[in-house]
Amino acid sequence: MISILSQERLLGAALGTAFASVVIFEQRRRLYQSISKSHPEPKEPIFGRKSRQELAHCWNKSVDKALGPLIQSLSSRGW
């Protein structure tokens, strides 16, 4: 059986760990709340929905054009 001294040490370590976890959790929660209050999210995006879709389409076309030959080469080798 574990001695009384060992039991007290284990209990102290467990309680200390639990206390430290609660303190850290509360600090992080308060930090995140303060950040969200000081920097509210923008309500409207910079670009409209149509502009974002056009930008995404142009981006995808340019990536396909730039990486197309590489993909075809790798596909022909069986990758």
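Values in this document were obtained by computation on a predicted structure and should not be read as measured data.

## A word on the overall build of the chain
Phase 1: Along the backbone of the chain there are 2 helices and 0 strands.
Phase 2: Here the C-alpha atoms of the chain give a radius of gyration of 28 Å, more than 25% beyond the 12 Å that 2.2 N^0.38 yields for 79 residues.
Phase 3: With respect to the three principal axes, the spread of C-alpha positions in the chain is 75 × 45 × 15 Å.
Phase 4: By the burial criterion, 1% of the 79 residues in the chain qualify as buried.

## A look at the environment of E8
Phase 1: As for its position among the elements, E8 is in helix α1 (residues 4-38).
Phase 2: For E8, a relative accessible area of 52% gives the class exposed.
Phase 3: With 71 residues separating them along the chain, E8 and W79 place their C-alpha atoms 61 Å apart.

## Looking at the environment of S21
Phase 1: Along the polypeptide, S21 turns up in helix α1.
Phase 2: What makes S21 partly exposed here is its relative accessible area of 43%.
Phase 3: Each C-alpha atom of the pair S21 and G48 lies 44 Å from the other, and the pair is 27 residues apart in sequence.

What counts, and where the lines are drawn
- Residues numbered from 1 in each chain as written.
- Predicted model: local features only at pLDDT ≥ 70, side-chain atom pairs only at ≥ 80, totals over all residues.
- Heavy atoms only, no water.
- Helix = DSSP H or I, 4+ residues; strand = E, 2+ residues; numbered from the N terminus.
- Rg over C-alpha atoms; globule rule 2.2 N^0.38 Å.
- Buried < 20%, exposed > 50% of the residue type's maximum accessible area, 1.4 Å probe, protein only.

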